[in-house]
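Structural description and commentary
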Amino acid sequence: MATFLPFTTRIELPFWKAVNETKLHEWKLDESPKPILGQLSYSEITGKECSLLMTYKSFNTNEIPKQESISGFMHLYNTAESFKAAMTAESKKKILEDETAKIWHSITSHAWLKNPELLSKFFMITFVDLKKFKYFSITCVPGLYFPSEIQQEINKDDLYGADPKTLFSHMAETSSTVFLYCRKSATILDVSHLESVNNPDDFAIVVADPSTVSYTAGWPVRNVLAAVAQLHSSWNHCHVISLRSTGSIGIKFMWTNNISSQEKSLNFVPKSAGWDKIYNVDLRKEFDPVLQVDNAVNLNNALMKWRQVPDIRLERYSKLKVLILGAGTIGCNVARGLIAWGVSHITFVDNSTVSYSNPVRQSLSEFEDAKNDRGKAETAAKALIRINPNTKAEAHMLTVPMPGHTIDKSAEAQLEKDVQKLEQLVMEHDVVYLALDSREARWLPTVLATKHRKIAISVAIGFDTFVVIRHGIGSRSDSLSHEAIAESMPYSHLSCYFCSDVTAPGNSTADRTLDQQCTVTRAGMSPHASAAATELLAAILQYPDPLMCPASVDENTTMLGATPHQIRYFANRYQMILPIVKRFERCVACGDAIAKQYQQHGWKFVLDVMNSPSRLEQVTGLDALQESVNAIDIEFDEDEDTTDE
Ligand SMILES: [Zn+2]
């Protein structure tokens, strides 16, 4: 009895990587079978199997030479349950029967004579747990039990006079895996000539054979025999050259020519076999763990595209460069929110070190950091890299120059450097978070973000309140012509953190007790505020041109909903309000007069303001405004006077 070596599926790691990528970004929930290629080798001479190799090339029809490939379909199920359902004996039988019927049809229609690849097809069923890197698959290459009772006789001495090298180069040149060798004329003919051959002894049928066992033909030979026996129903034998790069063999196959009446009927389809075993692999250790983190982060976000927000522009997060001024509780929490969105480029600026009170509230520092007096910015950046080694996190220990924080002559050179450094950092980033702990520290960053047209978001917390404000973009003269309406206001019209103030920022830490200097706040304020600040940016970035994103409370503004100007939260009544406030033309931070002064005098203007914050009021004309307010003489009706006596 002749035996045929069945296929064993060999799946390379890059195959699964390609499945991951394609499933995530292309197929998503689409479960329809996808065309793929298995690769065959004819050069393996020691082994026990016919290998059906799945590689990264399996999804690219041009990458595998045609003669070395076998085409098939992959059915990738979305759930473990549907995969299991497909794995029942009944379901597998049905799949095998369907695939066999297709092959049998190409035999009875003689289509295989023009296209012998139709004889070898495979079907793969898979389930991939993308989160846990677990892969399940099973492959079926149908081999037909037809004709019955096949015997073989190995022709050890020669290949019917053929030169195996000539045959092999013919295969490579023509990409054909089945062709004829005429024994009389020693010539090679296309397999389509087989139809007109009368004597099976005149020809040998050459079949490219991936078998690795010397005297055993591989699985593809089986269906060639079925096709030959069907084509010439009077034959009871034929000659085959099992072609391999070395060790090709000639085999005479014989069968009993007693095709039953049932086998002659139109509806007849031979029985077949071909299911490989189930492969169940856990590739967590195989994948580069650093890459895995990125894949997993991307996975969480890419899954949004499957159903919730199919058109979300995730690349706007991954390409974003964010500068976080202040690496305290807010800065740390904002950074954590951003890396979860896939932001990988984050720079911290802070001038202080981690204190013992910090780690419980700051999500990026620990006891040891406080014990070793480590810088907050450096600690936060290192923690981000520990969390995700792909993060490009940087730290700068830098004091943000502040109005009212007077400096003497000796510190001026340093101030010049600091201002330049800060401006450089603002320029190099797309977004600036103002997560600083004092009002005056936000002043220079606001001036710089306005000058360089950066998205600037101020986050500030009180005891049981927080406010998140996105500053108007660029100068007021950028304003669009149309007038602002209540529900929506152009980005360039929006107020900054300082717009509502009629006094310039001064030194808020002078003459204050400890509880007044530090932000004494309920524990949940910072995470809550930071999350709101992260989500606000996430939504702005989905606007077609984020720098034109209007303030809007309409949930249809972007794929992620509204893009408010301000988010104000009151924890004592769990209430959030979304005011939209128009920019103040005489603002001490984003006003045009300030921009002009900074443009003209640079760091020296900053120096002036540090030593004399009232300079801001002079420049903007606020001093005159205040005087005019004071000059208004308000007369109170005595009966209405409720002044406490
Ligand atoms: Zn302003």
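Residues numbered from 1 in each chain as written. Predicted model: local features only at pLDDT ≥ 70, side-chain atom pairs only at ≥ 80, totals over all residues. Heavy atoms only, no water.

Per an unreviewed UniProt entry, the chain goes by Ubiquitin-like modifier-activating enzyme ATG7 and derives from Caenorhabditis brenneri.

Another aspect to go through is the coordination of the zinc ion. In the first shell of the zinc ion, the protein supplies Cys496 (SG), Cys499 (SG), Cys587 (SG) and Cys590 (SG), at 2.2 to 2.3 Å from the metal. Viewed at the metal, the 4 donor atoms of the zinc ion are separated by angles of 96 to 123°, and the geometry they form is tetrahedral. Each donor residue of the zinc ion belongs to the same chain, and together they define the spacing C-x2-C-x87-C-x2-C. Here Cys499 is found in the loop between strand S23 (488-489) and helix H15 (514-517), whereas its partner Cys590 is found in the loop between strand S26 (575-577) and helix H17 (592-601), with 91 residues between them in sequence. Here Cys499 and Cys590 have matching classes, each one buried. (Donors = N, O, S within 2.8 Å, 3.2 Å for Na, K, Ca; no water. Tetrahedral: all angles 85-135°; square planar, octahedral: opposite > 155°, others 65-115°. Helix = DSSP H or I, 4+ residues; strand = E, 2+ residues; numbered from the N terminus. Buried < 20%, exposed > 50% of the residue type's maximum accessible area, 1.4 Å probe, protein only.)

Here we come to empty space enclosed by the protein. As enumerated under the stated definition, the model contains 1 cavity of 30 Å³ or more in all. Empty space within the largest cavity amounts to approximately 30 Å³. Residue lining of the largest cavity: Leu194, Val197, Asn199, Pro200, Phe203, Ile205, Trp235 and Cys238, and that is the complete set. The residue inventory of the lining of the largest cavity, partitioned by class, reads 7 nonpolar, 1 polar and no charged. (1 Å grid on protein atoms, 1.4 Å probe; cavity = no way out; pocket = protein on both sides within 12 Å on 5 of 7 lines; lining within 4 Å. Points joined across faces, edges and corners; volume = space filled by probe spheres on them. Nonpolar A, V, L, I, M, F, W, Y, C, P; charged D, E, K, R; others polar.)

So, about unusual backbone geometry. In this structure, Pro147 follows Phe146 across a cis peptide bond, with omega equal to -10°. In this structure, Pro147 sits in the loop between strand S7 (134-144) and strand S8 (151-155). Positive phi is not limited to glycine here, since Tyr160 has a value of about 55°. As for its placement among the helices and strands, Tyr160 is situated in the loop between S8 and helix H5 (164-174). Here Tyr160 falls in the buried class, since its relative accessible area comes to 8%.

Right, let's get into helix H13 (residues 412-428). Helix length check: H13, at 17 residues, gives a terminal C-alpha distance of 24 Å against a target of 24 Å (1.5 Å per residue), a fit within 8%. Those residues of H13 that sit buried are Glu412, Leu415, Asp418, Val419, Leu422, Glu423, Leu425 and Val426. Each buried residue of H13 sits inside an arc of 160° when the element is viewed along its axis, so together they form one side. What points out from H13, more than 90 degrees from its buried face, is the exposed set Ala413 and Lys417. (Expected span 1.5 Å × (residues − 1). Arc of directions from axis to C-beta.)

Look at helix H3 (residues 89-108) against helix H6 (residues 219-231): their axes get within 9 Å of each other, and the N-to-C directions meet at 40°. One finds that H3 runs oblique with respect to H6. Here the hand of the crossing between H3 and H6 comes out right-handed. Judged by residue contacts, Ile103, Trp104, Ile107 and Thr108 of H3 engage Asn223, Ala226, Ala227 and Gln230 from H6. In terms of residue class, the contact of H3 with H6 is built from 5 nonpolar, 3 polar and no charged. (Axes fitted to C-alpha atoms, helices over the stretch in contact; angles between N-to-C directions. Parallel < 35°, antiparallel > 145°, perpendicular 65-115°, else oblique. Left-handed = near helix turned anticlockwise from the far one by under 90°. Contact = heavy atoms within 4.5 Å.)

Let us now look at the pairing of strand S14 (residues 249-254). By the bridge criterion, 5 bridges tie S8 to S14 in an arrangement that is antiparallel. The partner of Glu153 across the bridge, within S14, is Lys252. Where strand S13 (residues 237-243) lies against S14, 6 bridges are found, and the strand directions are antiparallel. What sits directly across from Ile241, in S14, is Gly250. Where S13 folds back onto S14 in an antiparallel hairpin, the turn is made up of 5 residues, including Gly247, whose phi is positive at roughly 80°. (Pairing = 2+ DSSP bridges.)

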